[in-house]
Amino acid sequence: MSTTPDTTPDTSSGTNPGTNPGTNTRTGTVVRATPTGVEPPAPTRPTEQSTTAEQSTTAEQSTTAELSLTAEQSRTTEQSRPTEQSRTAAVLALARFEARQLLLHIPVCVFLVVYVGYTGWKVFNGREGMDDYPVLQDVDRSTQTGPVLLAIALLVCVNRTVLRSRKRGTDQHFDVLVMEPWRRTVAHALSVVPFAAITALVVLFPFTWAALKPGAVGHGSPAELAVGPLVVLLSGVCGVLLARLIPSGFAAPLAVVGAYVVTALASTATNGAHWTHWLFPVVSEDGADPFPSDLLGRPAAWHALYLTGLVVFLAGVAVLVGGGRTRAVGAVTALALAATAAGVAGQSPGDSAALAAARAKASAGPEKVRSCVAHGRSTYCAYPEWTGLTDDWASVVGRVQSLAGGAAGGERLTVRQRVDARYGLIDDAALEPSTTPGTVTVTTRWGGNRIPEFAVGVASVLVTGDEKSGGEVCDARMVTIMWLALGAESDPMTAFRNVRLDDSTEGSAFVLAATNSLSMTARQTAIVRELLHKPRYSVTAKVKAHWTELTSPKTSTARVAQLLGVPAGHEQASGGDSCGE
């Protein structure tokens, strides 16, 4: 019987065979391990080089993170900081808002509607037919007075708008905004620009309408047309400046009244001197017949420069007062002041000696500056800008001569255009009648009532020989003159009413003409009225048949009525044949 070797671990020693030395769990002693011939691996310890590399990597990562964070913060700061472009956009946005707010003010809205409506009424209503032949150098000046009331309303309302935050106690809240106070001042000044643009459109509409008419004569001036919009801009800037200088709502109305009083006193003190007259924003010179463009003598370009410089200068002062003391603002303000001074210096001198000589030459010796053309048997002399109207004059002369008898029906006439420019644009000087036989005067106004008035002048020359003698007629020849002047009209009774000073068809009255007026008695008026109601061909035949007797100063009014077939002429009106009766 064999014996199996005992392989049970010896637990008495507390260790297992083939294991590392350990502690006997029973006795607590350390047991030495049995050698195996294999050395265990040495424990790993961090070297000095690996520690340095790790520290360097950590430092690089930390630096990169810090740089990334700094760049991100810089980008965030740049994005949050307003750029010049964003500031400009904010100013424009505020200007648009304030412009809309201004439109909601009742005075601005009312006067804007009135201004636009009145301009449209003038364009489409007409003015006795003379609007069919507009003189453009007069049309451009007529656009300047219309925007004045709108400008005054804007001055007051812009001033109240700038003071709105002060009145409501919100000024302190603006300190937390990015926009500086002077930029808000710029926005308030810019809020008036849309109203100036509307004014420019309203100014251009009637001028363009007039310029496109076939009968338009003369030349307009862009500087004259610019006055209206510049006055609107000037009023708005004055409102802003007053708000910055005197933060009170009463300043603007008092400033308007004060400006009117000061200008009136200055004009009186200087006896209406030319230089003080042109310091006003609007310089209206009306009254005389239209002048040729080269005889106007208005420093329109200098005045436009003066207004433009004044607008920019006052705006610059308002910005400076509001805190915008930058080099750019100061430079623009100084440049605007220089432009204003240049405009004042250019517009201050009165009429030059050359202009006075040119006006005298055109008035006393107009044959040296007129162009003459022939139409049929007659010659027509006009200023260069009016040569296109000679066809219309010839048409009127032809109609009048077609009703005349004897040699008058084929007489050669000379029609000369005349204007008295020696006394300026304000004085409406009367033209002296010509003593030259066969010469007829026509003025620089045409259309409407000026047509029958010219016809009266032509008829008086055909009957009496010259204008001076025609103006002295006080006998029955007046009936013949009025028939020749009005007999060929499409509406003779309307023309008869328009050509008389009192617009009547009964009683005595003065009859208008290009030079001296003529006078009619009540009896002559009654006869002419009856003739104009008769068929034209029947009266024309009688006039031509009795031409010599009808043009004689010895023929009585009763005889004229009898020759022309108006038996009731002596019954319908009392009075004799002379102007004094």
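Above this text sits the structure in question.
Below is a summary of the structure that appears in this document. (Residues numbered from 1 in each chain as written. Predicted model: local features only at pLDDT ≥ 70, side-chain atom pairs only at ≥ 80, totals over all residues. Heavy atoms only, no water.)

1. Describing the packing of helix H17 (residues 450-464) against helix H19 (residues 477-486)
Then, number 1: At a closest axis distance of 8 Å, the pairing of H17 and H19 adopts a crossing angle of 130°. It follows from the interaxial angle that H17 and H19 lie oblique. The two elements H17 and H19 meet at a crossing, and its hand is right-handed. On the side of H17, the interface is formed by Pro452, Ala455, Val456, Ala459, Ser460, Val463 and Thr464, while H19 contributes Arg477, Thr480, Ile481, Leu484, Ala485 and Leu486. (Axes fitted to C-alpha atoms, helices over the stretch in contact; angles between N-to-C directions. Helix = DSSP H or I, 4+ residues; strand = E, 2+ residues; numbered from the N terminus. Parallel < 35°, antiparallel > 145°, perpendicular 65-115°, else oblique. Left-handed = near helix turned anticlockwise from the far one by under 90°. Contact = heavy atoms within 4.5 Å.)

2. Description of the pairing of strand S2 (residues 378-382)
Then, number 1: Of all five residues in S2, four are buried, a share of seventy percent or more.
Then, number 2: Here five bridges tie strand S1 (residues 371-375) to S2, and the two strands are oriented antiparallel to one another. By the bridge assignment for S2, Ser371 is matched with Ala382.
Then, number 3: Hairpin connection between S1 and S2: a loop of two residues separates the two successive antiparallel strands, and Gly376 in this loop has a positive phi of roughly 65°.
Then, number 4: Pairing geometry for S2 and strand S3 (residues 414-417), over three bridges, is parallel. Across the sheet, residue Thr379 finds its bridge partner in S3, namely Thr414.
Then, number 5: Handedness of the β-α-β unit built from S2, helix H16 (residues 390-403) and S3 comes out left-handed. (Buried < 20%, exposed > 50% of the residue type's maximum accessible area, 1.4 Å probe, protein only. Pairing = 2+ DSSP bridges. Right-handed = clockwise from strand over helix to strand, strands pointing away.)

3. A short note on the state of the cysteines
Then, number 1: Enumeration according to the criterion identifies one disulfide in this entry.
Then, number 2: Disulfide pairing is shown between Cys372 and Cys381; the S-S distance is 2.0 Å. Between Cys372 and Cys381 the disulfide shows an S-S torsion of about 110°. By sign, it is right-handed. (Disulfide = S-S within 2.5 Å.)

4. Focus on the sheet that holds strand S4 (residues 439-442)
Then, number 1: Pairing within the open sheet is mixed, and its four strands lie in the order S1-S2-S3-S4. Lying at the two open borders of the sheet, with one neighbouring strand each, are S1 and S4. When the angles between neighbouring strand axes are averaged without regard to direction, this sheet yields 20°.
Then, number 2: Docked against the sheet, H16 engages S1, S2, S3 and S4, running at close to 140° with respect to S2.
Then, number 3: Across the face of the sheet, H17 comes into contact with S3 and S4 while running at roughly 170° to S4.

5. Details of the nonpolar core
Then, number 1: Counting 68 residues, the largest nonpolar core has Trp393, Phe454, Met482 and Leu484 as the members making the most contacts within it.
Then, number 2: Aside from chain neighbours lying at most four places away, what touches Trp393 is Tyr380, Cys381, Ala382, Trp386, Val415, Gln417, Val442, Trp446 and Phe454.
Then, number 3: Ranked by size, the runner-up nonpolar core spans 41 residues in total, among them Leu112, Ala210, Ala223 and Tyr306. (Core = buried A, V, L, I, M, F, W, Y, C linked by side-chain atoms within 4.5 Å.)

6. Describing helix H5 (residues 148-162)
Then, number 1: Taking 1.5 Å of rise per residue, the 15 residues of H5 would be expected to cover 21 Å, and the 21 Å separating its terminal C-alpha atoms lies within 8% of that figure.
Then, number 2: Listed in full, the buried residues belonging to H5 are Leu150, Ala151, Ala153, Leu154, Leu155, Cys157, Val158, Asn159, Thr161 and Val162. (Expected span 1.5 Å × (residues − 1).)

7. Considerations on the pattern of salt bridges
Then, number 1: This model, assessed by the stated rule, comprises 14 salt bridges.
Then, number 2: With a shortest N-O distance of 3.0 Å, Arg298 and Glu285 are connected by a salt bridge. Of this pair, Arg298 sits in the loop between helix H12 (274-277) and helix H13 (300-321) while Glu285 sits in the loop between H12 and H13, placing them 13 residues apart in sequence.
Then, number 3: Accessibility expressed as a relative area gives 12% for Arg298, which makes it buried.
Then, number 4: Ionic pairing is found between Glu549 and Arg559, a salt bridge with its closest N-O pair at 2.7 Å. Placement of Glu549 in helix H23 (residues 547-550) and of Arg559 in helix H24 (residues 557-563) is noted, with a sequence separation of 10 residues between them. (Salt bridge = Lys/Arg side-chain N within 4 Å of Asp/Glu carboxyl O.)

8. Quick notes on empty space enclosed by the protein
Then, number 1: Taken as a whole and judged by the stated rule, the model has three cavities of 30 Å³ or more.
Then, number 2: The calculated volume of the largest cavity comes to roughly 80 Å³.
Then, number 3: Lining the largest cavity are Pro433, Gly457, Ser460, Glu467, Gly470, Gly471, Ala513, Ala514, Thr515, Asn516 and Leu518.
Then, number 4: If you list the elements that add at least two residues to the lining of the largest cavity, you get H17 and helix H18 (467-471).
Then, number 5: With three residues, H18 is the single largest residue contributor to the lining of the largest cavity.
Then, number 6: Classifying every residue of the lining of the largest cavity by side-chain character gives four nonpolar, six polar and one charged. (1 Å grid on protein atoms, 1.4 Å probe; cavity = no way out; pocket = protein on both sides within 12 Å on 5 of 7 lines; lining within 4 Å. Points joined across faces, edges and corners; volume = space filled by probe spheres on them. Nonpolar A, V, L, I, M, F, W, Y, C, P; charged D, E, K, R; others polar.)

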